[in-house]
Structure formats: structure tokens, C-alpha cells
Amino acid sequence: MRHPRTAVMSAVAGLGLVAALGATPAVAAAPSHAPTAPVTTAEAGYAAYAGSAENAASNKAFFDAVMKSVAEKRAAHPGAQAVTVVYNASNAPTFRSQIASSASIWNSSVSSVKLQEGSNADFDYREGNDARGSYASTDGHGSGYVFLDYAQNQQYDSTRVTTHETGHVLGLPDHYEGPCSELMSGGGPGPSCTNAYPNAAESSRVDSLWQNGLVAALANATS
């Protein structure tokens, strides 16, 4: 849902989220202090739905950065039992409800990792106006964020947007060819799709990634 980022410091995961808002807007209008960068419906709604090799690499870079951050904290506290990914939502107050819903959805859908709001976060959410729409971004050094675009979240179901982007944090790539029942299908099913839940295959994939990937990440963190 975005054009390729030109800055070399960030790897950006494109969104491709889609869901109709219906008669009631999913989020409040952008607050008056929000950035005023121009956004067009075409750019915020339909760009990059086809996906790209760049997006796929960016999705993996974001997941790897979060996994590294979690592993480093667990290595420092080896007695910890639960695998918890901590997020900070303070920079996205307009979407606090959607972010909480997204965490709840993922926490009820997977067993190997949990999302929790708190300090010393592994990633954070941000909000604003961006012609590229919403996306997940990382600098590749354990610092990443999910950006939620005002215009896109008013046009599409905001909980689906947020839960989809959080799916990148947990390691899932976009799969635009999938049906509406597949959360990471993004814009493929069309704007009438409002599903905000991962299907069984997506949940299983996240569980497998965190069960197996964290072992290697912990080995690297303690070596």
C-alpha cells in the first residue's frame, strides 16, 4: 500500500490491508495537531497490493529485529517462562483501542508468544498522515515500529489494518492471493473484507516461528 521507501536507514513492510468501513468510521478524524502531508485515496487505498520482493525482505527484517530484541531480554533474564513481545502504543493514541484489540486477537490465536503493552518495548506504534498508507518498519538493529495512517484507517476497517501490520511483527509475510479469511491476504479479497482474525494456518505459522526461531536467536544472544 505504499511506494518504495527511498531512505536507506529503514526497511519497510508494505501493508495491503483492506476492509470496508461501513456507515460508521472505524476511527476518529485525525486530530488538529496531526501532520498534514497530502494523501490520495488511490495511494492510501490500493498502491502496492501486488506485493514485491522488497516488501517480503522488509517483513522478515522486522520480524528478525523483534526476535533479536526479545531474545536479548530473555538472555538477560534466563528464568523467564513466557515469550512476550512488548509494545508501546503511546505514540498512536488515536488507535489505542484498535491496538489493544489487535493484541487481544493475536493472544487468543497463538500460544507460543504473547503481546503486551509496557516499557522497554520491542517495537512501538505511531500514527500520522503518509501517502504510502500504513506499514511496518525497522532499522534492522532491534528498533522497529508500526505506522498507522489516518486516511487509510478511515477508509478501511482499522482493526484489520492494525492486526495485519502486527502480523508482520510476529513474522508473517503478505499473501495477497489469499481469501478474506486469511488476515495476511491484505487487499486481495477486496474492500468488503472486514475479517481481523488470522486463520488456523497463520496462527500455526506464528507458533512455529516463535518456538523454533527463538532457540536460534537465544543462541546468538548468549554466544
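Residues numbered from 1 in each chain as written. Predicted model: local features only at pLDDT ≥ 70, side-chain atom pairs only at ≥ 80, totals over all residues. Heavy atoms only, no water.

Chemist: Mind laying out the overall build of the protein chain, listing which residues take part and the relevant values?
Modeler: What the protein chain contains, in helices and strands, is six helices and six strands. Here the protein chain holds 223 residues, and 48% of them are scored as buried. For the protein chain, long-range pairs separated by at least 24 residues make up 71% of all intrachain contacts whose partners lie at least 6 apart in sequence. Entry remark: accessible area of the protein chain is about 9500 Å², with carbon and sulfur atoms responsible for 56%. (Helix = DSSP H or I, 4+ residues; strand = E, 2+ residues; numbered from the N terminus. Buried < 20%, exposed > 50% of the residue type's maximum accessible area, 1.4 Å probe, protein only. Contact = heavy atoms within 4.5 Å. Areas by Shrake-Rupley, 256 points an atom, 1.4 Å probe, with all protein chains shown as cover.)

Chemist: Could you give an account of the packing of aromatic side chains, with specific residues and numbers?
Modeler: This structure, assessed with the given rule, holds six aromatic pairs. A centroid spacing of 6.1 Å and a plane angle of 20° characterise the contact between Phe95 and Tyr150, whose relative ring orientation is stacked. One end of the pair, Phe95, is in the loop between strand S2 (84–91) and helix H3 (96–109); the other, Tyr150, is in helix H4 (residues 150–155), and 55 residues separate them in sequence. Both residues of the pair, Phe95 and Tyr150, count as buried. (Phe/Tyr/Trp six-rings, centres within 6.5 Å; stacked < 30°, edge-to-face > 60°.)

Chemist: Residues and numbers for the confidence of the model for the protein chain, please.
Modeler: Looking at the protein chain, pLDDT values average 72 and 62% of them are 70 or higher. Per-element mean pLDDT across the protein chain ranges from 33 in helix H1 (residues 41–46) up to 98 in H3. Counting contacts from residues 1–52, a segment whose pLDDT is below 50, to residues more than four positions away or on other chains yields 155 contacts. (pLDDT = per-residue confidence, 0-100.)

Chemist: So what's going on with H3? Residues and values would help.
Modeler: Along its 14 residues, H3 runs 20 Å from first to last C-alpha, staying within 8% of the 20 Å computed at 1.5 Å per residue. Buried within H3 we find Gln98, Ile99, Ser102, Ala103, Ile105 and Trp106. The arc that holds the buried residues of H3, viewed along the axis, is 160°, so those residues lie on one side. Facing away from the buried side of H3 by over 90 degrees, the exposed positions are Ser97 and Ser108. (Expected span 1.5 Å × (residues − 1). Arc of directions from axis to C-beta.)

Chemist: Summarise the pairing of strand S6 (residues 144–149); cite the residues concerned and give the values.
Modeler: Both faces of the sheet carry side chains from a regular strand, because those side chains alternate between them. In terms of burial, S6 is largely enclosed, as six of its six residues are buried. Relative to S6, strand S4 (residues 123–128) runs parallel, the two being bridged by five bridges. Looking at S6, one finds that Glu127 is bridged to Leu148. Sheet analysis places strand S5 (residues 135–138) next to S6, joined by four bridges and oriented antiparallel. Residue pairing for S6: Ala136 is matched across the bridge by Val146. (Pairing = 2+ DSSP bridges.)

Chemist: Any details on the environment of Gly133? Residues and values, ideally.
Modeler: Tracing the chain through its elements places Gly133 in the loop between S4 and S5. On the accessibility criterion, Gly133 (0% relative accessible area) is buried. Each C-alpha atom, one on Gly133 and one on Gln152, is 5.9 Å from the other, the two residues being 19 residues apart in sequence.

Chemist: Residue-level account of the nonpolar core, with values.
Modeler: Counting 32 residues, the largest nonpolar core has Phe123 and Trp210 as the members making the most contacts within it. Among the elements of the structure, helix H2 (53–76), S2, H3, S4, S6, helix H5 (158–169) and helix H6 (200–222) are those that each provide at least two residues to this core. Among the elements that make up this core, the one with the highest residue count is H2 (four residues). The residues touching Trp210, leaving out its near neighbours within four places in the chain, are Phe63, Val66, Met67, Val70, Val83, Val85, Ser112, Val113, Val169 and Leu170. (Core = buried A, V, L, I, M, F, W, Y, C linked by side-chain atoms within 4.5 Å.)

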